[in-house]
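# Working through the structure, step by step
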Amino acid sequence: MTTWTRRVPWLLAAVPILVLLAACGGVAWLVGGEVAADRACPDRLAADKAEVRTDRGFPAEHLPGLGDFLDVHWQVDTEANPCSRVLGPTDWMYQGVVRLRPADARALAAAYPWEPATAEPAVWPGLSPYVPAGVRWRHSAAYDEGAAGSRHIELHLDPDRAVALFRLWDS
């Protein structure tokens, strides 16, 4: 028997073992990257929650009747832990302050029955700088019910200061 023929069975046995070791190493590399990403998730989530977004592009279909508003300052939050590896729903909440055009604020005030807010709505700390001093919130259950769609909505309005405070959430 030649040296080559004696080595062939060992080579044939070694190739699948090497392939298996390489595959295990690849899986370990992928899982290690996922674990590292999981460790960064709470920091990314905290930064995302703290960020105050300011734009005009907030989807108007979520807040019907606000007209051609000037801008929206908004934040996102969640009660669940989207960083958890446990499967389950994550309900996202959004709160924002909308600067309205005076004519649109008056039109919105005339379109629904508004009552003085029974309690001062809790404004998230990041958004409080955008709420004018002396604001007098009014609330309309009819607006909330009519505008809700697939989300829950709570809207407070001060037509005199042309500002609205919204809270949207899934559930």
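For clarity, every value in this text was computed on a predicted model and none was experimentally measured.

### Describing the packing of aromatic side chains
- In total, this model carries four aromatic pairs according to the counting rule given.
- Both rings, one in Tyr 112 and one in Tyr 143, keep their centres 5.1 Å apart while their planes meet at 80°; by these two values the pair is edge-to-face. Of this pair, Tyr 112 sits in the loop between helix H2 (102-111) and strand E4 (115-116) while Tyr 143 sits in helix H3 (residues 141-147), and the two are 31 residues apart along the sequence.
- Residue Tyr 112 is classed as partly exposed on the basis of its relative accessible area, which comes to 26%.
- Put simply, the rings of Tyr 112, Trp 114 and Tyr 143 pair up and form one aromatic cluster.
- Geometry around Trp 74 places Arg 53 over its ring, the cationic atom sitting 5.0 Å from the centre.
- Sitting over the face of the ring of Trp 169, Arg 167 holds its NZ or CZ atom 3.9 Å from the ring centroid.

### Brief notes about the sheet that holds E4
- On the basis of which strands lie adjacent, the open sheet formed by seven strands has the order E1-E2-E3-E7-E6-E5-E4 and antiparallel pairing. Edge positions in the sheet fall to strand E1 (53-55) and E4, since each has one partner strand and no second.
- Bridging between strand E5 (residues 138-139) and strand E6 (residues 152-158) involves two bridges; their strand directions are antiparallel. Within the sheet, the bridge partner assigned to His 139 lies in E6 and is His 156.

### Focus on the environment of Ala 105
- Following the sequence through the fold, Ala 105 ends up in helix H2.
- The exposure class assigned to Ala 105 is buried, which follows from its relative accessible area of 0%.
- When the C-alpha positions of Ala 105 and Ala 164 are compared, they lie 8.4 Å apart, and in sequence the two are 59 residues distant.

### Details of unusual backbone geometry
- The backbone of Ala 162 sits at a positive phi, close to 50°, despite the residue not being glycine.
- Structurally, Ala 162 can be placed in the loop between E6 and strand E7 (163-169).

Cut-offs applied
Residues numbered from 1 in each chain as written. Predicted model: local features only at pLDDT ≥ 70, side-chain atom pairs only at ≥ 80, totals over all residues. Heavy atoms only, no water. Phe/Tyr/Trp six-rings, centres within 6.5 Å; stacked < 30°, edge-to-face > 60°. Helix = DSSP H or I, 4+ residues; strand = E, 2+ residues; numbered from the N terminus. Buried < 20%, exposed > 50% of the residue type's maximum accessible area, 1.4 Å probe, protein only. Lys NZ or Arg CZ within 6 Å of the ring centre and 35° of its normal. Pairing = 2+ DSSP bridges.

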